[in-house]
Amino acid sequence: VAGLLQRSQFLQLPLDDSLSSQCLDRYLDTLDGAHLLFFQSDLDEFASFRPGLAAKILVEGETRPAHLIYTRYLKRLAQQADFTAQLLHQEKFDFTGHDSWQLDRHDASPPRDLAAARDLWRQEVREDYLLEKLAGTPIVNIAPALAQRYGGRLQTMGRLSPAEVLGIYLDALAHAYDPHSDYFGHPEREEFKIEMNLSLFGIGGTLQAKGGYRSEEHT
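These remarks concern the structure in this document. Think of each chain on its own: its residues are numbered from 1, step by step along the sequence as written. Since the coordinates come from a predicted model, pLDDT governs what is reported: local features require at least 70, and pairs of side-chain atoms require 80 or more to be given and counted, while whole-chain, interface and lining totals use all residues. Hydrogen atoms and water are omitted, and side-chain values are computed over all heavy atoms in the structure.

1. Section: the environment of Pro14
- Each helix is a run of H or I in the DSSP string that is no shorter than four residues. Each strand is a run of E no shorter than two, and both are numbered from the N terminus. Relative to the assigned elements, Pro14 resides in the loop between α1 (2-8) and α2 (17-32).
- In this structure, the C-alpha to C-alpha distance between Pro14 and Ala54, residues 40 residues apart in sequence, is 9.3 Å.
- In this analysis, two residues are considered to be in contact whenever any of their non-hydrogen atoms come within 4.5 Å of each other. Apart from residues no more than four positions distant in its own chain, Pro14 is found in contact with Gln6, Leu19 and Tyr177.

The structure is reproduced here in C-alpha cells:
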C-alpha cells in the first residue's frame with residue numbers, strides 16, 4: 001500500500017520521515033482526536049517510532065506502531081469507562097456554579113497523567129449529563145444511559161480485529177498523501193463493489209450497535 005501510494009498518488013510524494021510522521025499524527029487523531037485519552041507520556045513514548053519509520057514501512061512493511069498504539073488506546077479507554085461508571089454511581093451532579101468546558105479540544109494539550117485525565121473525563125461526563133438533562137431525559141435514566149454509552153464504546157472498539165486496526169492505520173497513511181483518499185480493506189472493497197454494481201439481491205442481515213448491544217435487522 002505504501003509503495004502504491006508513493007508511485008500512483010497524483011503528487012507522487014516520496015514516503016519520507018515527514019510524511020510518515022504525518023501518518024502517525026493522523027492515526028493518533030483518529031483514535032483520540034479530542035486529546036482526552038492518551039497521556040503526554042504516551043505521546044512521548046510513541047515519538048520513538050518516528051525516526052526511520054518511512055524506511056521501515058517501505059522495506060520491512062513495519063506495522064507494529066499501529067498495534068502497539070491501539071493496545072495503549074484500549075487500556076486508556078478501559079480506564080475512562082471504569083472511572084466514568086464509578087463517577088455516575090457516586091456523584092451528585094450540580095450545575096449551579098460557573099463551570100466551563102472546552103468543546104473543541106483538537107488543538108488542546110493532552111493530559112499529563114492519570115489524575116489530569118480524570119479531571120477531563122469528569123468534565124466530559126458532566127457535559128454529557130447536562131445535555132441529557134436539557135434534552136428532557138428523566139434524571140433516573142441519565143446515569144445508566146451514560147454508563148452504557150461509555151461501556152459500549154469500549155466494547156465496540158475492543159472487538160476490532162488486527163486487520164481492522166491495520167485498516168485504520170493505512171487509512172491514516174492514505175490521508176497523509178491526500179485527505180480525500182481512503183484505504184479500502186477487503187470487506188469495504190466488496191461492499192463498494194456491491195453498491196457500484198447494484199448487485200445486492202435476496203435476504204440479508206445487518207448488525208448494528210444499539211445502546212451498547214448488538215442487534216440484527218433482516219431485509
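2. Side note on the pattern of salt bridges
- We define a salt bridge as a side-chain nitrogen of Lys or Arg found within 4 Å of a carboxyl oxygen belonging to Asp or Glu. Going through the model one piece at a time under the given rule, you end up with 8 salt bridges.
- Among the salt bridges present, the one from Asp42 reaches Arg76, with a minimum N-O distance of 2.9 Å. A residue pair is termed long-range when its members are at least 10 positions apart, and Asp42 in helix α3 (residues 40-46) and Arg76 in helix α5 (residues 64-90) qualify at 34 residues.
- Take Asp42: its relative accessible area is 1%, and that puts it in the buried class. Buried means the residue's accessible area, taken with a 1.4 Å probe over protein chains only, is under 20% of the maximum for its type, while exposed means over 50%, and partly exposed covers the values in between.

3. Side note on the packing of α5 against helix α7 (residues 139-158)
- Where α5 meets α7, the axes come as close as 9 Å, and the angle between the chain directions of the two elements is 165°. Taken together, α5 and α7 sit at an angle that is classed as roughly antiparallel. Crossing of α5 against α7: the hand is left-handed. In this structure, α5 uses Tyr70, Tyr73, Leu74, Leu77, Ala78, Gln80, Ala81, Thr84 and Leu88 to contact α7, whose residues at the interface are Ala143, Leu146, Ala147, Tyr150, Arg153, Leu154, Met157 and Gly158. Between N-to-C directions, angles cover 0 to 180 degrees, with each direction set by a line fitted to C-alpha atoms, over the stretch in contact for helices. With respect to orientation, any angle under 35 degrees is reported as roughly parallel, any angle over 145 as roughly antiparallel, any angle of 65 to 115 as roughly perpendicular, and every other angle as oblique. For any helix crossing, the convention is left-handed if the near helix is rotated counterclockwise from the far helix by under a right angle, and right-handed if that rotation is clockwise.

4. Regarding the packing of aromatic side chains
- Pairing of aromatic rings covers Phe, Tyr and Trp, the last through its six-membered ring, and needs centres within 6.5 Å; plane angles under 30 degrees mean stacked, over 60 mean edge-to-face, and all others mean tilted. In this structure the tally under the stated criterion is 8 aromatic pairs.
- When the centroid spacing of 5.4 Å and the interplanar angle of 90° are considered together, the rings of Phe38 and Phe46 count as edge-to-face.
- When its relative accessible area of 3% is taken as the criterion, Phe46 is described as buried.
- Taking the centre distance of 6.3 Å and the plane angle of 55° together, the rings of Phe38 and Tyr73 count as tilted. Placement of the pair is Phe38 in the loop between α2 and α3 and Tyr73 in helix α5, with a sequence separation of 35 residues.
- In textbook terms, an aromatic cluster arises when at least three aromatic residues are bridged by ring pairs, as seen for Phe38, Phe46, Phe49, Tyr70 and Tyr73.
- When the NZ atom of lysine or the CZ atom of arginine is within 6 Å of a ring's centre and also within 35 degrees of its normal, the charge is said to sit over that ring. Residue placement shows Arg76 over the ring face of Phe39; its charged tip is 3.8 Å from the ring centre.

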